[in-house]
Amino acid sequence: MSVVPVDTTHPDAAVIANAAARLQAGELVAFPTETVYGLGANALDPAAVQRIYAAKGRPAWNPVIAHVPSIDAARALAREWPASAQRLAEAFWPGPLTLVVPKAAHVPDVATAGLDAVAVRVPAHPVALALLRAAAVPIAAPSANRFTQISPTTAWHVVQSLGDRVPLVLDGGPCSVGIESTVVDCTGPEVIILRPGMLGRESLEHVLAPLGIPVRHAVRRIAHDLTALPDGLDAIPRSPGMADRHYAPRADVWLFDTAQRAEIVDALERWHAERPRDGQGAVPVYALVRTGPPDSGDRPLPGHVRQRLMPDDPAAYARTLYGALHDADQANAGLILIEAPPDSPGWDGVRDRLTRAAR
Ligand code: TXA
Ligand code: MG
């Protein structure tokens, strides 16, 4: 595998041309986007798309996003182009938004997992855009990690997760958004948020309201019990990839409310007491806190807790979250305690990923 640094202000034309030629030949190339790194293949070449599923160990029922450099290139993959899709694309592309639209006949079934709809996105990253223009074919790209692992926000994360399963990684530095794009279903009379992201519901509503198109979440939010499974998962329309355990570090993950800072210490003591002794020394515990450490009063915190102060702003939090989870995985953490985000709309994307990680 080779990792090639690419300048993000002036992507090296020779590097981009080489990567594009590999994609056209059916090979896999990992590349940076503003959200997370993608594992790319020619979306119109079924054998190439199959290679993505094999490299990730991803089940065939989970469809992938086709990345394109322009609205016109996205429309070419759609059988119909809904008014909602046009308005959202004009407002937010290039950017962290994926539109699910009726699929054109020439898009292979393997890319959409047999669904009649295709997911399309124009990413806002100079390296991704240069690559998409040079490749001149739509690039199917899920996040560049093994199935169920944490999505990569640096080239190094890609290397750690996929190793020699990907021959070429373009290194464009750390991703600026840090969690995956907002995915919306534009195939019906309402726009449905299938996967929350940093582009929130208010922003979508703001541009769709003049067209009279409502926006809603596919999964009902559970305000105060963040460790509970969101209900209504089987009611999610046409998005098979949403229901399973994703974005998961290997450690157990517990979310706790700021008000539970004392209870979490009791729970941590029980966790330590119940762990079989393996003679390997203390298993590291990570605590990702926003407002302050777990409150143990006069008692010492049990075990070996590494605390990390996370930003109290959703955009900055999203940018650092996966890196923090990767660090915990690398340290073989047994448990990650995470102070839950506030229950406000700006945190929807972050709250979604934390809820899934804690499942
Ligand atoms: O930010 C992102 O979206 C990143 C970067 C690389 O662009 N990509 C990404 O891809 O997160 P992936 O494959 O990890 O997630 C794609 C999500 C899946 O949950 C999948 O179920 C959903 O989009 N999806 C893809 N095609 C769909 C379709 N035709 N209908 C409904 N959902 C679809
Ligand atoms: Mg993924």
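What counts, and where the lines are drawn
- Residues numbered from 1 in each chain as written.
- Chains lettered and ligands numbered in written order.
- Predicted model: local features only at pLDDT ≥ 70, side-chain atom pairs only at ≥ 80, totals over all residues.
- Heavy atoms only, no water.
- Pairing = 2+ DSSP bridges.
- Helix = DSSP H or I, 4+ residues; strand = E, 2+ residues; numbered from the N terminus.
- Axes fitted to C-alpha atoms, helices over the stretch in contact; angles between N-to-C directions.
- Phe/Tyr/Trp six-rings, centres within 6.5 Å; stacked < 30°, edge-to-face > 60°.
- Buried < 20%, exposed > 50% of the residue type's maximum accessible area, 1.4 Å probe, protein only.
- Lys NZ or Arg CZ within 6 Å of the ring centre and 35° of its normal.
- Core = buried A, V, L, I, M, F, W, Y, C linked by side-chain atoms within 4.5 Å.
- Parallel < 35°, antiparallel > 145°, perpendicular 65-115°, else oblique.
- Left-handed = near helix turned anticlockwise from the far one by under 90°.
- Contact = heavy atoms within 4.5 Å.
- Nonpolar A, V, L, I, M, F, W, Y, C, P; charged D, E, K, R; others polar.
- pLDDT = per-residue confidence, 0-100.
- Arc of directions from axis to C-beta.
- 1 Å grid on protein atoms, 1.4 Å probe; cavity = no way out; pocket = protein on both sides within 12 Å on 5 of 7 lines; lining within 4 Å.
- Points joined across faces, edges and corners; volume = space filled by probe spheres on them.
- Salt bridge = Lys/Arg side-chain N within 4 Å of Asp/Glu carboxyl O.

Draft legend 1. Region of interest: the sheet that holds strand E13 (residues 285–289). In spatial order, the strands read E12-E15-E13-E14; together these 4 strands make up an open sheet with parallel pairing. Since the sheet does not close on itself, it has two edges, and those belong to strand E12 (252–256) and strand E14 (305–309), each with one partner. Looking at each pair of strands side by side, their axes are set apart by 20° on average, direction ignored. In the sheet, E13 pairs with strand E15 (residues 335–339) via 4 bridges, with the strands oriented parallel. Across the sheet, the residue bridging to Ala-287 is Leu-337, located in E15.

Draft legend 2. Layout of the packing of aromatic side chains. By the definition in use, this model includes 3 aromatic pairs. With a centroid separation of 6.5 Å and 85° between ring planes, the pair formed by Trp-61 and Phe-147 is classed as edge-to-face. Of this pair, Trp-61 sits in the loop between helix H2 (46–56) and strand E4 (65–67) while Phe-147 sits in the loop between strand E7 (139–140) and helix H7 (155–162); the two residues are 86 residues apart in sequence, bridging distant segments of the chain. With relative accessibility at 41%, the residue Trp-61 sits in the partly exposed group. An angle of 75° between the planes, with centres 5.4 Å apart, marks the rings of Tyr-317 and Trp-347 as edge-to-face. Separated by 30 residues along the polypeptide, Tyr-317 in helix H10 (residues 314–330) and Trp-347 in the loop between E15 and helix H11 (348–357) bring together distant segments of the chain. What makes Trp-347 buried here is its relative accessible area of 4%. A cation over an aromatic ring shows up here: Arg-290 above the ring of Trp-347, its NZ or CZ 5.7 Å from the ring centre.

Draft legend 3. A look at the nonpolar core. Trp-81, Leu-88, Leu-99 and Val-120 are the most contacted members of the largest nonpolar core, which has 51 residues in total. Taken together, the elements giving at least two residues each to this core come down to strand E3 (38–42), H2, helix H4 (83–92), strand E5 (97–102), strand E6 (117–121), H7, strand E10 (191–195) and helix H8 (201–208). Considering every element that reaches this core, the biggest residue donor is H2, with 5 residues. Ranked by size, the runner-up nonpolar core spans 23 residues in total, among them Val-36, Ile-150, Ala-324 and Ile-336.

Draft legend 4. Seen up close, the pairing of E10. With respect to burial, E10 is a largely interior element, 5 of its 5 residues being buried. Where strand E9 (residues 182–185) lies against E10, 3 bridges are found, and the strand directions are antiparallel. Paired with Val-184 across the strands is Ile-193, a residue of E10. The loop that links E9 with its antiparallel partner E10 comprises 5 residues.

Draft legend 5. Expanded view of the packing of helix H1 (residues 13–24) against helix H6 (residues 126–135). Where H1 contacts H6, the axes come no closer than 9 Å and their chain directions differ by 55°. On the basis of the axis angle, H1 is oblique to H6. Two packed elements cross with a definite hand, and for H1 against H6 that hand is right-handed. Counted together, Ile-16, Ala-19, Ala-20, Leu-23 and Gln-24 of H1 and Val-127, Ala-130, Leu-131, Ala-134 and Ala-135 of H6 form the full contact between these two elements. Its residues assigned to classes, the contact of H1 with H6 comprises 9 nonpolar, 1 polar and no charged.

Draft legend 6. The confidence of the model for the protein, seen in detail. Per-residue pLDDT for the protein averages 89, and the proportion of residues at 70 or more is 89%. Under a pLDDT of 50 for its full length, residues 220–238 has, in the predicted model, 40 contacts with residues more than four places off or in other chains.

Draft legend 7. Seen up close, H4. Among all positions of H4, only Ser-84, Ala-85, Leu-88, Ala-89 and Phe-92 are buried. One side of H4 holds all its buried residues, which, seen down the axis, span an arc of 125°. Buried-residue contacts for H4 involve helix H3 (71–75), E5, E9, E10 and H8.

Draft legend 8. Representation of the side chain of His-157 in the model. Tracing the chain through its elements places His-157 in helix H7. On the basis of relative accessibility, which here comes to 7%, the residue His-157 falls in the buried class. The residues contacting His-157, other than those within four sequence positions of it, are Pro-152, Gly-323 and His-326.

Draft legend 9. Summary view of empty space enclosed by the protein. Enumeration according to the criterion identifies 2 cavities of 30 Å³ or more in this entry. Considered as a void within the structure, the largest cavity measures approximately 40 Å³ in volume. Lining the largest cavity are Thr-182, Ile-193, Pro-196, Gly-197, Leu-199, Gly-200, Arg-201, His-217 and Asp-348. Among the residues making up the lining of the largest cavity, the classes are represented as 3 nonpolar, 4 polar and 2 charged.

Draft legend 10. Highlighting the pattern of salt bridges. In the structure shown here, the tally under the stated rule is 16 salt bridges. Its salt-bridge partner being Asp-116, residue Arg-79 comes within 3.0 Å of it at the nearest N-O pair. Of this pair, Arg-79 sits in the loop between H3 and H4 while Asp-116 sits in the loop between helix H5 (109–112) and E6, and the two are 37 residues apart along the sequence. For the salt bridge of Arg-250 with Asp-329, the shortest nitrogen-to-oxygen distance reads 3.8 Å.

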